[in-house]
Amino acid sequence: RQIPSTWAAYSIDTLSFRFEAGYQSESWDALQTDMDTRVSVLGTSNQLALFGRLISPASAKGTVNYIDFGYWDTGRALEPTELEGIMETLNNLSSPLLQLSVSSSQLQSSRIRTYGAVTALTTAFTVETEDLSCVLQVALVPHGSRVYLISYADFSTGADNDMLEGLLSTLQFSEGV
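Residues numbered from 1 in each chain as written. Predicted model: local features only at pLDDT ≥ 70, side-chain atom pairs only at ≥ 80, totals over all residues. Heavy atoms only, no water.

Asker: What's the story with the side chain of Asn 65 in this structure? I'm lost.
Answerer: When you line up the elements, Asn 65 lands in the loop between strand E4 (49-55) and strand E5 (66-73). At a separation of 3.1 Å, a polar atom in the side chain of Asn 65 contacts the side chain of Ser 156. With near-sequence residues (within four places) excluded, Asn 65 lies in contact with Tyr 23, Leu 54, Ile 55, Ser 56, Tyr 152, Ala 153, Asp 154, Phe 155 and Ser 156. (Helix = DSSP H or I, 4+ residues; strand = E, 2+ residues; numbered from the N terminus. Polar contact = N/O pair within 3.5 Å; in protein donor to acceptor, adjacent residues only side chain to side chain. Contact = heavy atoms within 4.5 Å.)

Shown next as structure tokens:
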């Protein structure tokens with residue numbers, strides 16, 4: 001994918017990448033609390049450590065888009081092919097989401113591909129509640145003992161696109177991580 005020259009350079013924790021200009025860092029505390037609450041409804045605990053959130057400028061419709069970053073620590077080095085075991089689960093997310101009063105429809109089946117210097121499992125789906133609708137693009141990127149989650153929530157276009165793939169194709173990890 002050819003990255004537009006207008007895309008800006010960003011750094012979040014140990015990650016650096018390029019994406020549309022104008023995104024600003026925002027607190028992810030409320031997101032972490034909401035996620036912990038929603039996961040507890042499913043009878044489990046949240047093992048995802050969030051470490052960053054970027055928010056877009058408001059669109060003409062007044063909506064904003066988010067890029068969220070987190071990771072799970074597996075305690076051992078993980079190969080990208082080991083993510084194949086969760087592909088089916090990602091392809092069948094609608095049941096757990098319905099328990100959270102969220103409906104969804106898949107736009108892209110999960111797949112493992114190489115983007116620039118990283119190999120990632122990606123998927124995309126629409127997420128709808130009574131009040132909102134967005135296209136959610138998700139990537140799981142194994143690196144060392146961590147599986148990084150990068151989630152792009154697009155509330156403005158209503159369509160799947162290659163924005164997350166562009167970010168992934170420029171993603172770099174700091175040395176020693």
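Asker: What am I meant to see in the side chain of Ser 56 here?
Answerer: Locating Ser 56 in the fold gives a position in the loop between E4 and E5. Separated by 2.8 Å, the side chain of Ser 56 and the backbone nitrogen of Asn 65 make a polar contact. Leaving out residues up to four positions away in the same chain, Ser 56 has contacts with Tyr 23, Val 64 and Asn 65.

Asker: Please clarify how the nonpolar core should be interpreted in this entry.
Answerer: One broad trend across soluble globular proteins is that nonpolar side chains are buried collectively. In terms of nonpolar packing, the biggest core is built from 27 residues, with Phe 17, Phe 19, Ile 67, Phe 69, Val 141, Leu 168 and Leu 171 touching the most fellow members. When residues of this core are traced back to their parent elements, those giving at least two are strand E1 (8-12), strand E2 (15-19), E4, E5, strand E7 (118-128), strand E8 (133-143), strand E9 (146-154) and helix H4 (163-170). The leading source of residues in this core is H4, at four residues. Not counting the four nearest positions on each side in its chain, Phe 17 is found in contact with Ala 8, Ala 9, Tyr 10, Ile 12, Leu 54, Phe 69, Leu 167, Thr 170 and Leu 171. Tyr 66, Met 87, Val 138 and Leu 140 belong to the second largest nonpolar core, which has 17 residues in total. (Core = buried A, V, L, I, M, F, W, Y, C linked by side-chain atoms within 4.5 Å. Buried < 20%, exposed > 50% of the residue type's maximum accessible area, 1.4 Å probe, protein only.)

Asker: Is there a simple way to think about the sheet that holds E2 in this case?
Answerer: Each strand in a sheet pairs with another by means of backbone hydrogen bonds, the pair being arranged parallel or else antiparallel. Pairing is antiparallel in the open sheet, where three strands are placed in the order E1-E2-E10. Two strands close off the open sheet at either side, each with one partner strand: E1 and strand E10 (172-173). In this structure, E1 lies alongside E2, joined through five bridges in antiparallel fashion. Looking at E2, one finds that Ala 8 is bridged to Phe 19. This element, H4, spans E2 and E10 of the sheet and lies at about 135° to E2. (Pairing = 2+ DSSP bridges. Axes fitted to C-alpha atoms, helices over the stretch in contact; angles between N-to-C directions.)

Asker: It is not clear to me how the packing of aromatic side chains should be interpreted in this structure. Could you clarify?
Answerer: Here the distance between the centres and the angle between the planes together describe a pair of aromatic rings. The tally for this structure, following the rule as stated, stands at eleven aromatic pairs. Between Phe 19 and Tyr 152, the ring centres sit 5.4 Å apart and the planes meet at 70°, which makes this aromatic pair edge-to-face. Of this pair, Phe 19 sits in strand E2 while Tyr 152 sits in strand E9, and the two are 133 residues apart along the sequence. Of the two residues, Phe 19 and Tyr 152, both sit in the buried class. Arranged with centres 6.1 Å apart and planes meeting at 85°, the rings of Tyr 66 and Phe 155 form a pair that is edge-to-face. On the criterion of sequence distance, the pair formed by Tyr 66 in strand E5 and Phe 155 in the loop between E9 and H4 is long-range, its members being 89 residues apart. (Phe/Tyr/Trp six-rings, centres within 6.5 Å; stacked < 30°, edge-to-face > 60°.)

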